[in-house]
Protein chains: 2
Amino acid sequence: MSTITLIGAGQMASALTFPLYENGHEVRLVGSPLDDQVIDRLREDNYHVNLLRTLHDGIHYYKESEKEAAIQGADLIVCGVSSFGVDWFADKILPILDESVPVISVTKGMLDYEDGTMQTYPEYWMSKLPEGSKQEIYAIGGPCTARDLADHDPSFVGYCGPKMETLHWIRSLFATDYYVISLTLDVVGLECAVALKNGYALGTALAIGMAEKAGDDGINHNNSEAALFQESVKEMLDLLKIVGGGVDNIMYAAGDLNVTVAAGRSRTVGLLLGKGLSIDEVMEQLKGQTLEAVVIATRTARAVKALAKAGKVKESDFPLLMHVNALLNEGATLNIPWTDFQKEM
Amino acid sequence: MSTITLIGAGQMASALTFPLYENGHEVRLVGSPLDDQVIDRLREDNYHVNLLRTLHDGIHYYKESEKEAAIQGADLIVCGVSSFGVDWFADKILPILDESVPVISVTKGMLDYEDGTMQTYPEYWMSKLPEGSKQEIYAIGGPCTARDLADHDPSFVGYCGPKMETLHWIRSLFATDYYVISLTLDVVGLECAVALKNGYALGTALAIGMAEKAGDDGINHNNSEAALFQESVKEMLDLLKIVGGGVDNIMYAAGDLNVTVAAGRSRTVGLLLGKGLSIDEVMEQLKGQTLEAVVIATRTARAVKALAKAGKVKESDFPLLMHVNALLNEGATLNIPWTDFQKEM
């Protein structure tokens, strides 16, 4: 039995308590500063008000103010904050951790810099550690909705990080017959693959919105959705190469694209834009929800534009991303640049 | 204006008459030996009894017995037979063609040989040509259902073949604002990508059947479908590398997987197997339909087994394909080998 402390009581971290608890571990779930009410209710009857599922009786719950106690004696720390909590994790949690205890993150996303560099969160956190720190940071990617995991629907994800031996040990803590895990040392490849998919899920879902808007026109509209899916895979593969990730990680990008187009907020944003709403109308309609797809698509487009300015890529090689960005940030009207998808390869 | 003769009046060849005719070409549609009744009805009122759409008034229709007249003066021949008509095309059509007129094929599939070699149809047809023939054979791949194309839903496909200059000319005949075409010289890559997707669409659709069987259990089951989608992309990428196709073609494999899981017979076979039916029960239920996914999955599995026997690959690297094959050909009971998906990469 090991002791695992999950920090951030969001949906995904909370869903991960299922395989961990069922594997016999001591599981501690710590709320972020925004999660006090979530923790209050969990302490009452184990019901998670956002995940909408009842966690196993036996999980230990902690509020943010009790985080030191939750970390005490842990064998593994899981970072479960959303991409909006990345700096909080860097500033408030990393400094209080025992550097010999590995961290694994389920936060999906990435940062961009003025020169077009894209950076994964594990890389960002590593850059915030004091010089000489031995802290190792691992990460989780791949297609996995929190509710399906909590419901024991078979799920297939990837874990990545600096040491294969540690990855094997971490997998042994999490893996069950319904939660299967491939391992890779290619952090940049896996993390970028699954970050990119958010913006492209939004892009692919445009076709779903266009089909809904067309209404009962007797057309299936499968081709247009597949066309955007295919262009998404192409652009993600090109982006993977740009950031230096292995092309094999396209499996995670495509798998995660599949599940995100099927369910989730990125789909909803794309669908509403596809129906012809402006981004302001979409934001109004989804008020109060975290819209990571918008952030990721914007960051990725910004990085591509910076790289194009430096002569390293061509904006015209990313017509779908550029149109999504124009919809999100430039007040553009929906007008998929279909013929720009035509390439010679 | 050019003259284009499509041979085989199946759904896809017939759907291709829409962009061709709208681009102002003379379009001739020739039935295979099985299409006499289809042609009779088309001559009456342009209605295609399998496509369930009315073709443009102005298409010229020919029965198989009139094929010589249809070929006369054509600038391009389109092979539109199903994979069950590949030998008929080789034996009865290729020999009567003017070798200076290019052929482009929409037939998806491939052949396997005892040593594990997989061969695309263009390669097979080339091997049947008399020595010294200058006949060029091009091919069409990518996610495109015939009905959506006929309905002008935006569609994005790939054309491949031996000469880029000719590919540009062929694209100029077909391309419209709703039918966009990328070009590649990588025939093996594109053709294998879109052939492989049939068997994997069947494999991915198993999850849809399992979800249907589970009924109204309150679980979305998006994770399990994405897990199979992701494993499919992984195995297809590995197979692409084995046959020597460029990895960029995974975009077509993934795009075509997306549309085939959404609609079509491969989906139906997988869905029924996923609900727990035996392959015999599935065949009985789908009596009279051409089931290319079954053929392709069987051929691919046979090739992998032969390659494994020769020590060139490991069967265990293709757990989904092997299970699909076991369901189709070895009387196995549905039991997705989830944990076998776990790999180190």
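Refer to the preceding data block for the structure.
Described below are features of the structure shown in this document. In this text the structure is predicted, and so the values were computed from the model without any measurement.

Let's shift gears to the pattern of salt bridges. A side chain of one charge can pair with a side chain of the opposite charge when the charged atoms of the two come close. According to the stated counting rule, one finds 30 salt bridges over all chains in the structure shown. Here A:Lys197 ties to A:Asp256 by a salt bridge, and the two come within 3.5 Å at their closest N and O atoms. Pair noted here: A:Lys197 is in helix α8 (residues 187-214) and A:Asp256 is in helix α10 (residues 250-262), with a separation of 59 residues, a long-range link. The same class applies to A:Lys197 as to A:Asp256, namely buried. The partner of B:Glu26 in a salt bridge is B:Arg28, and the shortest N-O contact between them spans 2.9 Å. Judged by its relative accessible area of 23%, B:Glu26 falls in the partly exposed class.

We now examine the sheet that holds strand β2 (residues 26-30) of chain A. Residues and elements named next belong to chain A. With respect to topology, eight strands assemble into an open sheet ordered β5-β2-β1-β6-β7-β10-β11-β12, the strand pairing being mixed. Strands with a single pairing partner mark the edges of an open sheet, and in this sheet they are β5 (60-62) and β12 (179-184). Across this sheet, the average inter-strand angle for adjacent strands is 25 degrees, counted without regard to direction. Here three bridges tie β2 to β5, and the two strands are oriented parallel to one another. In the strand pairing of β5, leucine 29 is matched with tyrosine 61.

In this section: the interface of chain B and chain A. At the junction of the two partners, chain B supplies 62 residues and chain A supplies 62 residues. Inspection of the chain B/chain A interface yields two salt bridges. Here B:Asp248 and A:Lys241 are joined by a salt bridge, their closest N and O atoms 2.7 Å apart. Counting across the interface, chain B meets chain A through 36 residue pairs in polar contact (both at pLDDT 80 or more). Of all the secondary structure elements, the ones that give two or more residues to the side of chain B that touches chain A are α6 (146-150), β11 (155-160), α7 (164-174), β12 (179-184), α9 (222-243) and α10 (250-262) of chain B.

Turning next to the environment of B:Ile39. All names here are of chain B. Secondary-structure assignment places isoleucine 39 in helix α2 (residues 36-45). On the accessibility criterion, isoleucine 39 (0% relative accessible area) is buried. Taking the C-alpha atoms as reference points, isoleucine 39 and tyrosine 61, separated by 22 residues in sequence, lie 6.5 Å from one another.

What counts as what
Residues numbered from 1 in each chain as written. Chains lettered and ligands numbered in written order. Predicted model: local features only at pLDDT ≥ 70, side-chain atom pairs only at ≥ 80, totals over all residues. Heavy atoms only, no water. Salt bridge = Lys/Arg side-chain N within 4 Å of Asp/Glu carboxyl O. Helix = DSSP H or I, 4+ residues; strand = E, 2+ residues; numbered from the N terminus. Buried < 20%, exposed > 50% of the residue type's maximum accessible area, 1.4 Å probe, protein only. Pairing = 2+ DSSP bridges. Axes fitted to C-alpha atoms, helices over the stretch in contact; angles between N-to-C directions. Contact = heavy atoms within 4.5 Å. Polar contact = N/O pair within 3.5 Å; in protein donor to acceptor, adjacent residues only side chain to side chain.

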